[in-house]
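If you want the building blocks of each chain, they are given just below.
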Amino acid sequence: QVQLVESGGGLVQAGGSLRLSCAASGRTFNNYAVGWFRQNPGKEREFVAGKSWSAGITYYADSVKGRFTISRDSAKTTVYLQMSHLKPEDTAVYYCAAKLGDIRRNSLEYSYWGQGTQVTVSS
């Protein structure tokens, strides 16, 4: 079992930056691919970014490419989503998720989820 805890959300003005954290409780992210997703009320959960460190593969949604960066600490216990040049349309609840094996964009393929953290970007 992997328990995930997100933090770092908040209110920021357009053009600003935030860094989200996803901490693994009880084990490391070794052998896990980690994805970040976001969701607004009444909408489907949307893939934002994800990485498989073992495979060396990183995916970003086109809407965030060049503005968001996914990374992991050296202890492999925390994954970050650095968000820069934020736009009002980035407003959502952001979730991190983990799965064994390769990175995928489909949220249904993830076994473990955090509780979510709200990001609000004001114009």
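See the structure shown above.
What you see is a predicted model, and the numbers here were worked out from it, not measured in a lab.

J.: Can you lay out the pattern of salt bridges for me, pointing to particular residues and giving the numbers?
T.: All chains considered together, the criterion is met by five salt bridges. Its salt-bridge partner being Arg67, residue Asp90 comes within 2.8 Å of it at the nearest N-O pair. Residue Asp90 is found in the loop between β8 (78–83) and β9 (92–100), and its partner Arg67 is found in the loop between β6 (57–60) and β7 (68–72); the two are separated by 23 residues along the sequence. Residue classification places Asp90 among the buried residues on the basis of a relative accessible area of 1%. The class for Arg67 is buried, based on a relative accessible area of 11%.

J.: Describe the pairing of strand β1 (residues 3–7), naming the residues involved and giving the relevant values.
T.: The two faces of β1 differ: Leu4 and Glu6 on one face are buried, but Gln3, Val5 and Ser7 on the other face are not. Sheet analysis places β1 next to strand β3 (residues 18–25), joined by five bridges and oriented antiparallel. Bridging across to β3, Gln3 finds its partner in Ser25.

J.: Summarise the side chain of Lys99; cite the residues concerned and give the values.
T.: With respect to the secondary-structure elements, Lys99 resides in strand β9. Within the buried core, Lys99 has no salt-bridge partner, and the shortest N-O distance to an opposite charge, that of Glu109, equals 5.0 Å. Separated by 2.6 Å, the side chain of Lys99 and the backbone oxygen of Asp102 make a polar contact. Residues within four places of Lys99 in sequence aside, it is in contact with Asn31, Tyr32, Ala33, Arg104, Glu109, Tyr110 and Ser111.

J.: Provide a residue-level description of the side chain of Thr117, including the pertinent values.
T.: By the secondary structure assignment, Thr117 is in strand β11 (residues 117–122). Of the polar contacts made by the side chain of Thr117, one reaches the backbone nitrogen of Gly9; its length is 3.2 Å. Leaving out residues up to four positions away in the same chain, Thr117 has contacts with Glu6, Ser7, Gly8, Gly9, Leu20, Ala92, Val93 and Tyr94.

The rules we used
- Residues numbered from 1 in each chain as written.
- Predicted model: local features only at pLDDT ≥ 70, side-chain atom pairs only at ≥ 80, totals over all residues.
- Heavy atoms only, no water.
- Salt bridge = Lys/Arg side-chain N within 4 Å of Asp/Glu carboxyl O.
- Helix = DSSP H or I, 4+ residues; strand = E, 2+ residues; numbered from the N terminus.
- Buried < 20%, exposed > 50% of the residue type's maximum accessible area, 1.4 Å probe, protein only.
- Pairing = 2+ DSSP bridges.
- Lys, Arg positive; Asp, Glu negative; His and termini not counted.
- Polar contact = N/O pair within 3.5 Å; in protein donor to acceptor, adjacent residues only side chain to side chain.
- Contact = heavy atoms within 4.5 Å.

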